[in-house]
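Each chain is listed here by its residues.
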Amino acid sequence: MTLHCIPFSPPQQHDNPFDLAQCLAPNLKLACALPEFATPEWLLDIYEQMLIVRQLDEKATILQRTGQLGTYPSSHGHEGISVTLGKTILSEDIFVPYYRDQGVLLQRDMRPRDILQYWGGDERANLHGNHRDMPVCIPIATQCTHAAGIAYALQYQNSEQVVVCSLGDGATSKGDFAEALNFSSVKNLPIVYVISNNQWAISVPLEAQTAAKTLAHKAYAAGCHAFRVDGGDVIALAHTFQLALDTCRTHQGPILIEAVTYRLCDHTTADDASRYMPEAEREAAMKIESIKRLEDYLHQENILNANKIKSLHSKAKQHIEDEAAAAAQLNEAEAVEIFDSLYADLPNELKNQRTHCIHKAQSCKKN
Amino acid sequence: MQEELTLLQAINAALFDALTADQSVVIFGEDVGGNGGVFRATEHLQTHFGAHRVFDTPLAEALIAGLALGMSTHGLRPVAEFQFMGFIYAAFEQIISHIARMRNRTRGRLSCPLVLRAPYCAGIHAPEHHSESTEALFAHIPGLRVVIPSSPEQAYGLLRAAIAHPDPVLFLEPKRIYHSIKQAVDRQAEWPDLSLSHRVCIGTDLTLIAWGAMLAEARQATIWAQSNNISIELIDLVSIKPLDIDTILSSVQKTGRCLIVHEAARTCGVGAEISARVQEQAWDTLLAPIMRLTGYDTVMPYSKLEHLYLPNHHDMIGYIQKLMEYPE
Ligand SMILES: Cc1ncc(C[n+]2csc(CCOP(=O)(O)OP(=O)(O)O)c2C)c(N)n1
Ligand SMILES: [Mg+2]
């Protein structure tokens, strides 16, 4: 007998389970029967919440452009993913965000004013929102291992809670993601990883990021279940998230979800996507993004008419205007903030520096 | 309950007692489970406390640190082992960017009561990357605590205190003296304050500051000095971060001479920081320049040459003589 070396081929895109889950297709036809939860009220609620996210992003961008806010990452193209995810995670679950998750945070006791406070450069914003959740994580993919640690703690405590960890497509290239997914599977942790695949990591397109057929394939090596879902289809998204959360809650986790979408904005206000993003590609994606798709569908189904659409837009806009006004009214952070949460008790050697800082703040105020 | 323990056994005892005392304590790392750690610091713990409380992680250092963070913000008290300090660098981002900052970032909403243990320092003829002392890298990071024990008794109390502490603590274990000293350890004794240095002996002529395995060398130099009528005040730094600068200053103000010894490389070492602070705050009491005796600013050599790299008590005696003769 000869020695055989059989090459292992990863499953192709059309293989289960990596087909794209879809219900409300881009052509506004239903690819499957409408699930029970997708009542007109539910759809309208999702629609309104997405409008709020869109308005927040637009307002934040204006504030940044006029020098009233720091760098801000819009989530244009992510609204469907984040709002449905936010609606599906239970309040007692734990959300571990990255920086483009305002749509989720708004469903978890975070107010638009808190989000503006955060991007305005004020750490006190991290006191708001669901007190179980982790704060926004800036170093890419590093939150994945925190999420795994939290999931371990939940499992250890025999909790029914689930951890949801959010990340971008670029984040899947980092070791932290692979290490966390691997460990989560080894320990069968109650954790859902949600990749918002917007095709870009700043200027780097997905094909430069990975040769994997899909990002869901990355679950394979870890021995983890995975779903792929159309990120513009709020019905498929909500269904997929619910399925994943239920699976984890019944100790059959972890799950990796790839939500496929397109970044319809600059990476952040510090970026200029026209330098690298093909206009035609963006325009094509604009036609099928979640807000427009749902709006057109609701219109088509006579759940919404042009007038109602207009009034919902103005309502969302007004809400954000009020929130931005509230954000502008916040009292200033005190100098001692820099020191007082660094350690449980401030070490002696830092007390002089703290006093120095207080004096400096006083003289800054005078000048 | 007094027992004669080595430093390694004292660590094992502290872990055992911490697991017994607090259900939220969990221990993990590479080979810490059934194998009990490559140095056996966690020996028998898994058998005693179960694989949910003492477990092997996959071989992934960033994961180990990140897990510790997530556990600590959500109700557990993780004690994570890095097999050697030379392999902790993959976890550097997690330690610097998250563990050290989470309390501050969330204004106290979330905190990281966790301990990261790592054997460090040279002297056991190990392969490359197993002998470095890079405590200064961590001493630079706001939000962290870094402590180093130098005796079994101290190791026990310090580790118990670190595990109970609300801040993240990097607990560096001088592996060169894991087995070399046996000492009576009172497991009921009060734990030391993590932020305090320890005055090992009182003296009037010269303040000698050392930590970890260097303390044993410093003790020998102190004995030599005694027999030569030089009165050394020996300080075991213990807390690398924060620095117990008050203890150091009060000593130098008395002796007027200061020698700092560490086996880590000299440039930007912890000795530089101590020296700068003594100079800033006690310059008018100095009778001689502050001196540092340290490892060279070279790559740590493999074991054949490590004796040349490491400061020893003969070197210390030379520096002590030099300082005592000053300004001649
Ligand atoms: C560890 C790390 N490296 C680099 C950066 C700078 N950076 C910020 S966002 C980003 C791209 C991330 O892309 P992706 O994960 O796809 O998320 P997206 O921004 O597209 O939502 C980079 C490189 C960072 N924040 N963290
Ligand atoms: Mg992306």
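Residue positions are counted from 1 within each chain, in the order its sequence is given. Chain A is the first chain written and ligand 1 is the first ligand written, with later ones labelled in order. This being a predicted model, a pLDDT of at least 70 is required before a residue's local features are given, and a value of 80 or more before pairs of side-chain atoms are given or counted; all residues contribute to the totals for chains, interfaces and linings. Side-chain figures throughout are based on the complete set of non-hydrogen atoms in the structure, without hydrogens or water.

## What about the overall build of chain A?
Then, in step 1: Scanning chain A for helices and strands turns up 14 helices and 8 strands.
Then, in step 2: In this description the radius of gyration comes from C-alpha coordinates, and the expected globular size is given by 2.2 Å times residues to the power 0.38. Relative to a compact globule of 367 residues, whose C-alpha radius of gyration would be 21 Å, chain A shows 22 Å and is just as compact.
Then, in step 3: Along the three orthogonal principal directions, the C-alpha set of chain A runs to about 80 × 65 × 45 Å.
Then, in step 4: Looking at chain A as a whole, 54% of its 367 residues qualify as buried.
Then, in step 5: Pairs of residues are marked as contacts when any of their non-hydrogen atoms sit within 4.5 Å. Contacts in chain A between residues at least 24 apart in sequence constitute 73% of all its contacts with a sequence separation of at least 6.
Then, in step 6: In this description, accessible areas are obtained by the Shrake-Rupley approach with a 1.4 Å probe, and a residue is regarded as covered only by the protein chains that are shown. Roughly 16600 Å² of accessible area belongs to chain A as shown, and the carbon and sulfur atoms make up 53% of that amount.
Then, in step 7: Residues scored as positive are Lys and Arg, those scored as negative are Asp and Glu, and His as well as the terminal groups of each chain are ignored. Charge positions come from single atoms, namely NZ of Lys, CZ of Arg, CG of Asp or CD of Glu. Of the charged side chains in chain A, 32 are positive and 45 negative; the average position of the first set lies 4 Å away from that of the second. Elements are defined by DSSP. Helices are runs of H or I of four residues or more, strands are runs of E of two residues or more, and each kind is numbered from the N terminus. Relative accessibility under 20% of the residue-type maximum defines a buried residue, over 50% an exposed one, and the middle range a partly exposed one, all with a 1.4 Å probe and only protein chains included.

## What to know about the pattern of salt bridges
Then, in step 1: We define a salt bridge as a side-chain nitrogen of Lys or Arg found within 4 Å of a carboxyl oxygen belonging to Asp or Glu. Scanning the model with the defined rule gives 31 salt bridges over all chains in all.
Then, in step 2: One salt bridge in this structure joins Arg277 of chain B and Glu349 of chain A, with 2.6 Å as the shortest N-O distance. Of this pair, Arg277 of chain B sits in helix α10 (residues 270-282) while Glu349 of chain A sits in helix α14 (residues 348-366), on two different chains.
Then, in step 3: Look at Arg277 of chain B and you get buried, because its relative accessible area is 16%.

## With respect to the packing of helix α5 (residues 143-156) of chain A against helix α3 (residues 61-73) of chain B
Then, in step 1: Axis separation between α5 of chain A and α3 of chain B bottoms out at 6 Å; the angle between their running directions is 50°. For the element pair α5 of chain A / α3 of chain B, the angle class is oblique. Between α5 of chain A and α3 of chain B lies a crossing whose hand is right-handed. Seen from α5 of chain A, the contacting residues are Thr145, His146, Ala148, Gly149, Ile150, Tyr152 and Ala153 of chain A; seen from α3 of chain B, they are Ala62, Leu63, Gly66, Leu67, Leu69, Gly70, Met71 and Thr73 of chain B.
Then, in step 2: The class makeup of the residues in the contact of α5 of chain A with α3 of chain B is 9 nonpolar, 6 polar and no charged. Only the stretch in contact is used when a helix axis is fitted, and all axes are lines through C-alpha atoms; the angle between N-to-C directions ranges over 0 to 180 degrees. Working definition: roughly parallel below 35 degrees, roughly antiparallel above 145 degrees, roughly perpendicular at 65 to 115 degrees, and oblique for all remaining angles. Each crossing gets its hand from how the near helix is turned against the far one by less than a right angle, where anticlockwise is left-handed and clockwise is right-handed. When residues are sorted by character, Ala, Val, Leu, Ile, Met, Phe, Trp, Tyr, Cys and Pro go into the nonpolar class, Asp, Glu, Lys and Arg into the charged class, and all the rest, Gly among them, into the polar class.

## Thoughts on the pairing of strand β8 (residues 255-260) of chain A
Residues and elements named next belong to chain A.
Then, in step 1: For β8, the buried fraction is high: 6 of the 6 residues fall into the buried class.
Then, in step 2: In β8, alternate side chains face the same way, and those of Ile255, Ile257 and Ala259 on one face and Leu256, Glu258 and Val260 on the other are all buried.
Then, in step 3: Pairing between strands is defined by DSSP: at least two bridges between them are needed. Examined bridge by bridge, strand β4 (residues 191-197) and β8 share 6 bridges and lie parallel to one another. Bridged to Asn197 within β8 is Val260.
Then, in step 4: Where strand β7 (residues 225-230) and β8 come together, 6 bridges link them in parallel fashion. Within β8, the residue paired with Arg228 across the bridge is Glu258.
Then, in step 5: Remark: the β7/helix α9 (residues 234-249)/β8 crossover connection has right-handed handedness. When the strands point away from the viewer and the connection leading from the first strand across the helix to the second strand turns clockwise, the crossover is called right-handed.

## Some words on the site of ligand 1
Then, in step 1: Throughout this document, a residue counts as near a molecule or strand when at least one of its heavy atoms sits within 4 Å of that molecule or strand. Around ligand 1, the structure places 17 residues, and the nearest of them are Tyr98, Tyr99, Arg100, Gly170 and Trp200 of chain A.
Then, in step 2: At ligand 1, the nearby residues belong to more than one chain, namely chains A and B.
Then, in step 3: In protein, a polar contact means a hydrogen-donor-capable atom and an acceptor-capable atom, both N or O and within 3.5 Å, with residues adjacent in sequence counting only if both atoms are side-chain atoms; elsewhere, any N or O pair within 3.5 Å suffices. One of the backbone nitrogen or oxygen atoms of Ile138 of chain A is found 3.0 Å away from a nitrogen atom of ligand 1.
Then, in step 4: Here an oxygen atom of ligand 1 sits 2.7 Å away from a polar atom, N or O, in the main chain of Trp200 of chain A.

## A look at the sheet that holds strand β13 (residues 258-265) of chain B
All names here are of chain B.
Then, in step 1: Pairing within the open sheet is mixed, and its 5 strands lie in the order β9-β11-β10-β13-β14. Bordering the open sheet on either side are β9 (198-201) and β14 (291-295), each of which pairs with just one other strand. If you compare each strand with its neighbour and ignore which way they point, the axes differ by 25° on average.
Then, in step 2: Examined bridge by bridge, β9 and strand β11 (residues 232-236) share 3 bridges and lie antiparallel to one another. From the neighbouring strand, Cys201 faces β11, where its bridge partner is Leu234.
Then, in step 3: Lying on the sheet, helix α12 (residues 313-325) is in contact with β10 (206-210), β11, β13 and β14; it crosses β14 at an angle near 165°.

## Re helix α1 (residues 40-65) of chain A
Then, in step 1: Multiplying one less than the number of residues by 1.5 Å gives the expected span of a helix. Between its terminal C-alpha atoms α1 of chain A stretches 37 Å, which fits the 38 Å expected from 26 residues at 1.5 Å a residue.
Then, in step 2: The first or second residue beyond α1 of chain A is Gly67 of chain A, which carries a positive phi of 75°.

## Section: the coordination of the magnesium ion (ligand 2)
Residues and elements named next belong to chain A.
Then, in step 1: Looking at the magnesium ion (ligand 2), the protein donor atoms are Asp169 (OD), Asn198 (OD1) and Trp200 (O), and they sit 2.0 to 2.1 Å from it.
Then, in step 2: Counted as coordinating are nitrogen, oxygen and sulfur atoms within 2.8 Å of the metal, or 3.2 Å for Na, K and Ca, while water is not included, which may make sites look incomplete. All donors of the magnesium ion (ligand 2) belong to a single chain; written as a sequence motif, their spacing is D-x28-N-x1-W. Taken as a pair, Asp169 in the loop between β3 (163-168) and α6 (175-186) and Asn198 in the loop between β4 and β5 (200-201) lie far apart in primary sequence, 29 residues in all.

## A few points about the domain arrangement of chain B
Residues and elements named next belong to chain B.
Then, in step 1: As assigned here, chain B comprises domain 1 (2-186) and domain 2 (198-325).
Then, in step 2: Where a domain begins and ends is set by an automatic assignment or by a domain database. Taking the mean C-alpha position of each, domain 1 and domain 2 sit 26 Å from one another.
Then, in step 3: Summing both sides of the interface, domain 1 and domain 2 together bury roughly 2000 Å²; the carbon and sulfur share of this comes to 57%.
Then, in step 4: Counting across the interface, domain 1 meets domain 2 through 1 salt bridge. Summed over both partners, the accessible surface that disappears when two parts come together, traced with a 1.4 Å probe, is what is meant by buried area.

## Brief notes about the interface of chain B and chain A
Then, in step 1: Contacts between the two partners involve 47 residues from chain B and, on the opposite side, 41 residues from chain A.
Then, in step 2: Of the roughly 3600 Å² buried at the junction of chain B and chain A (both faces included), carbon and sulfur atoms supply 58%.
Then, in step 3: At the boundary of chain B and chain A, one finds 24 residue pairs in polar contact (both at pLDDT 80 or more).
Then, in step 4: Within the residue set of the side of chain B that touches chain A, elements represented by two or more residues are β2 (25-29), β3 (54-56), α3, α4 (92-99) and α5 (102-105) of chain B.
Then, in step 5: If you tally residues by element for the side of chain B that touches chain A, the top one is α3 of chain B, at 9 residues.
Then, in step 6: For the side of chain B that touches chain A, the residue count by class is 20 nonpolar, 14 polar and 13 charged.

## Examining the sheet that holds strand β12 (residues 239-241) of chain B
Residues and elements named next belong to chain B.
Then, in step 1: Reading across from one edge, β3-β2-β4-β5-β7-β6-β12 is the order of the 7 strands in this open sheet, with mixed pairing throughout. Two strands lie at the open edges of the sheet, namely β3 and β12, each paired on one side alone. For this sheet the average axis-to-axis angle between neighbouring strands, irrespective of direction, equals 20°.
Then, in step 2: Note: strand β6 (residues 145-147) against strand β7 (residues 169-174), 3 bridges, orientation parallel. Paired with Arg145 across the strands is Val169, a residue of β7.

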